[in-house]
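# Structural overview for review
Single-letter residue listing:
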Amino acid sequence: MSTLTKVLAEEIRKIEETKFMERDLFPHRLTHHLMPPAGWLNDPNGLCYYKGRYHVFFQYSPFEVKGGLKFWGHYSSEDLVSWRYEGVPLYPDSPMDCHGVYSGSALAEKDTMHLFYTGNVKLDGDYDYINNGRITSTIHVESTDGIRFGVKEEVIPASQYPEDYTCHIRDPKVWKEHDQYHMVLGGRKKNDQGAVLFYRSEDLKKWEFDGELTTEKPFGYMWECPDVFELDGQKILSVSPQGVKREKYRYQNIYLSGYFVMKEEKVQAEDFCEWDMGFDFYAPQTFLDQKGRRLLIGWMGMPDADEEYQNRTLEEGWQHCLTVPRELRYQNGKIYQYPVEELMNLRRWEKKLSQEDREVEIEGAFDLELQLEKGSVKVVLTDVFTLEHKDGILTLTMNEEAGAGRSSRNACVEQVKDIRILADTSAVEIYVNQGEVVFSSRFYGKTPVHTLKIEAEEFRGGFWKLEKMKIIKA
Ligand code: FRU
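Before going into details, it helps to say that this report is about the structure given with it. (Residues numbered from 1 in each chain as written. Predicted model: local features only at pLDDT ≥ 70, side-chain atom pairs only at ≥ 80, totals over all residues. Heavy atoms only, no water.)

### Regarding the overall build of the protein chain
The line we're drawing: Working definition: helices are DSSP H or I runs of at least four residues, strands are E runs of at least two. Numbering for both runs from the N terminus. Using C-alpha atoms as the atom set, the radius of gyration is obtained and then compared with a globule rule of 2.2 Å times the number of residues to the power 0.38. Only heavy atoms enter the contact rule, under which two residues are in contact if any of them lie within 4.5 Å. Accessible surface area values rest on a Shrake-Rupley calculation with a 1.4 Å probe, where residue burial reflects the displayed protein chains alone.
For the protein chain, the count of helices and strands is two helices and 33 strands. Its C-alpha radius of gyration of 22 Å places the protein chain within 12% of the 23 Å reference for a compact globule of 474 residues. Projected onto its principal axes, the C-alpha coordinates of the protein chain cover approximately 65 × 50 × 45 Å. The contacts in the protein chain between residues at least 6 apart in sequence include a share of 60% that link residues at least 24 apart. If you sum the accessible surface of the protein chain, you get close to 19,700 Å²; carbon and sulfur atoms cover 47% of it.

Here you go:
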């Protein structure tokens, strides 16, 4: 460790120690969502299963609650419900990443965990940092224990990226296919079109450009955090596009995250399907676990949306969280997402809900399942939100205080057959029709006590309180 790294490590240790002690004092701290120990969190990074543990790394600014210089933070778990905070494995402490250890991914092999990320460097001077003044190279580090990482090696220098791209090329996702390694990077072309770049390698060290992919009709100016994977035999490209015009029933957020079902290695703008219709979802990443499941975790936040709302956790010295891990399934031409079954281990049975029993008093985190036989449905969590299905549109409306500036989000859903609501102290994930449509949003209630009211013609349901996930410090 260099002297600079040692100083940073000590400062982080101190700030995390204080915040870790205080963490239960703040009303908005979450019970089953991963949060930054202190300061700011954004994208999930380096998701993998390695030597008996799940690893979740994340973009982390421990000193700046509104984001700033990026490090990687790290949680690990055996069972996805009890976690160990492993500390900070990557610091912006080299000339290749001194302005940020940006997003990236993991490749878990038998003996070695490889991480690939973008080193962000901003030159001093009068630059726009889009077309000039920024150097972003692809960096590789490896580990045999999944905790401590070795020397940083630049595997793709910025000078080797194609000429028709701006300086915005980043977020390597690496995978192995037919005995070859592949990488996809997100980028902004000089003509302001979002695209992804492919690279391939025999040894994870030497990477060769392998073409690009974008839509015929431009779909935003930048594609961040790409991911390529196969799901039930279908090849999928996931990206987080910026610069897509907002609409009433889709593309409602400033930036989007969604996927294209790839057809003959091509993608079409009209086929883009959003992962999540809520206010807070961005930059997801997937990985394959040891059970053969394709799991997805997203950042439950939204960049550059400060003008739209005031996140109440700022006053508590922290900001943002990750979604719960979701299992993916491909069916009828689309992807369904559902909370991993391990989360059921946090459930404590409360009661059945039915026509006769349609109200429940709640304090704290809960899990709710509703099966609907027919007709319209309305679910109200007093002082927090209303979820209502009417004329083919499902709308999530936040109460004024709880929404902190955000009002409503819509999704086109012909029929609502079932709803699962996973609610934390200040975050909610709503899964409709077994995960065909999902809404993820932060909320800031005045009190932790609410009443849940259900209005539907015919329904059955179950209601569980949720225990807190255990989080320890390594
Ligand atoms: C997405 C993103 C990535 C980048 C990282 C920096 O939220 O902008 O493209 O690598 O965040 O924190």
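### Describing the packing of aromatic side chains
What counts is decided by this rule: Note on ring pairs: Phe, Tyr and Trp rings are taken, using the six-membered ring of Trp, and paired if centres are within 6.5 Å. Classes follow the plane angle, with under 30 degrees stacked, over 60 edge-to-face and the rest tilted. A 1.4 Å probe rolled over the protein chains alone gives each residue an accessible area, and that area as a share of the maximum for its type sets the label: buried under 20%, exposed over 50%, partly exposed in between. Both a distance and an angle decide whether a charge sits over a ring: NZ of Lys or CZ of Arg must be within 6 Å of the ring centre and within 35 degrees of the ring normal.
Evaluation of the coordinates by the stated rule reveals 28 aromatic pairs. Where Phe58 meets Tyr60, the ring centres are 5.2 Å apart and the plane angle is 55°; that geometry is what we call tilted. A relative accessible area of 0% places Phe58 in the buried class. Here Tyr60 falls in the buried class, since its relative accessible area comes to 0%. With 6.3 Å between their ring centres and 75° between their planes, Phe219 and Phe260 make a pair best called edge-to-face. You can see Phe219 sitting in the loop between β12 (208-213) and β13 (222-231) and its partner Phe260 sitting in strand β15 (residues 258-261), a full 41 residues away along the chain. Here the two residues Phe219 and Phe260 agree in accessibility, since each one is buried. An aromatic cluster is defined as three or more aromatic residues linked by ring pairs; in this entry it consists of Phe219, Trp223, Tyr251, Phe260 and Phe272. Its end group placed over the ring of Tyr129, Lys122 keeps NZ or CZ at 4.9 Å from the ring centre. The residue whose ring lies beneath Arg329 is Tyr336, and the NZ or CZ to ring-centre distance is 4.8 Å.

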